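# Fold and contact review
Here's the letter readout for the chains.
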Amino acid sequence: MAFNLKEFNDFFTKHQQRFVHFATTYLHDEAVAEDLVVESMMYYWENKDRLSEAANVPAYVLTTLKHKCIDQLRHQKMVQDVSKEIGELQQWDLSFRLTSLQDFEPENIFTREIQEIVDRTLDSLPERTREIFRASRYENKPYKEIAEQCGITVKGVEIHIMKSNKALREALADYLPLGVLLFYFPLVE
């Protein structure tokens, strides 16, 4: 049954709302249903010459629409599954961070053993590096003031601080999580 364009327009007008209603029943989205109906009708129009004269055109279009709806629902399910997995990962990450923070005891950071390691590490540094680090971290002096006091550039102070921080991170690696180390011993001011 080969349609001419006027017959196709009449067919489209006659069946469009029924097909949209059918698709909306499953998709719960009228705009998407309307798009899929148009795509199904266009698919028929592009392939009409391959059909026999006895073909049931409404059944053909409805079958095409059915498959497009199935594809759409499978896509929605996949998106939903991926969203669920992302949500589960975010939940796991949040739980991990919450548990980690709840288990964190600030007073353990400065236990005698850790303080001894910090002191030994600082004592192993060159005297100037040790002095610059202590002025920055223990006396809270700004880099500019330390630079003027030591007769070096601010960049020179940063380099001494970075050396100190690196030595401390290495010495304390087994005791503290990296995040805490970076909090207490940042790379630069």
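These remarks concern the structure in this document. Nothing here was measured: the structure is a model prediction, and the numbers come from that model.

What counts, and at which threshold
Residues numbered from 1 in each chain as written. Predicted model: local features only at pLDDT ≥ 70, side-chain atom pairs only at ≥ 80, totals over all residues. Heavy atoms only, no water. Helix = DSSP H or I, 4+ residues; strand = E, 2+ residues; numbered from the N terminus. Buried < 20%, exposed > 50% of the residue type's maximum accessible area, 1.4 Å probe, protein only. Contact = heavy atoms within 4.5 Å. Areas by Shrake-Rupley, 256 points an atom, 1.4 Å probe, with all protein chains shown as cover. Polar contact = N/O pair within 3.5 Å; in protein donor to acceptor, adjacent residues only side chain to side chain. Salt bridge = Lys/Arg side-chain N within 4 Å of Asp/Glu carboxyl O. Phe/Tyr/Trp six-rings, centres within 6.5 Å; stacked < 30°, edge-to-face > 60°.

## Observations regarding the overall build of the protein
Each helix and strand counted, the protein has eight helices and zero strands in total. Seen in sequence order, the protein has helices and strands lined up from the N terminus as α-α-α-α-α-α-α-α. Here the protein holds 189 residues, and the buried ones make up 29% of them. Sequence separation of 24 or more characterises 60% of the internal contacts of the protein that already satisfy a separation of 6 or more. With an accessible surface of roughly 13000 Å², the protein has 56% of that area assigned to carbon and sulfur atoms.

## Details of the side chain of T129
You can see T129 is positioned in helix α5 (residues 127-137). The class of T129 is buried, set by a relative accessible area of 3%. Within the structure, T129 has its side chain in polar contact with the side chain of H160 (distance 2.8 Å).

## Quick notes on the environment of L172
Here L172 lies in helix α7 (residues 154-172). L172 sits 55 residues away from I117 along the chain, and the two C-alpha atoms are 7.3 Å apart.

## Some thoughts on unusual backbone geometry
Leave glycine aside and you will find that most residues have negative phi; peptide bonds, for their part, are mostly trans. Residue H28 is not a glycine yet carries a positive backbone phi of 60°. Mapping H28 onto the fold places it in the loop between α1 (5-27) and α2 (30-47). Despite not being glycine, N140 shows a phi value in the positive range, around 55°. As for its placement among the helices and strands, N140 is situated in the loop between α5 and α6 (143-150).

## Focus on the pattern of salt bridges
Enumeration over the complete set of coordinates arrives at nine salt bridges. For E158, the salt bridge identified is with K155, shortest N-O distance 3.7 Å. Residue E158 and its partner K155 are both found in helix α7; the two are separated by three residues, about one turn of the helix. K155 gets classed as exposed once you look at its relative accessible area, which sits at 52%. Taking the shortest distance from any N to any O, the salt bridge between E170 and K166 comes out at 3.8 Å. One end of the pair is E170 and the other is K166, both in helix α7 and four residues apart, which spans about a single turn. The exposed category is assigned to E170, whose relative accessible area is 53%.

## Thoughts on the packing of aromatic side chains
Tallied over the entire structure, the rule returns 10 aromatic pairs. Seen from their ring centres, F8 and Y44 are 6.2 Å apart, and the 20° between their planes marks the pair as stacked. In this pair, F8 sits in helix α1 while Y44 sits in helix α2, placing the two residues 36 residues apart along the sequence. Taken as a pair, F8 and Y44 share a single burial class, namely buried. A ring pair is formed by F8 and W45, whose centres lie 4.8 Å apart and whose planes are at 45°; its orientation type is tilted. Of this pair, F8 sits in helix α1 while W45 sits in helix α2, and the two are 37 residues apart along the sequence. On the accessibility criterion, F8 (7% relative accessible area) is buried. Taking the relative accessible area as the measure of exposure, W45 reaches 22% and is therefore partly exposed. Each member of the aromatic cluster is reached from another via a ring pair, and the members are F8, F11, F12, F19, Y43, Y44, W45 and Y60.

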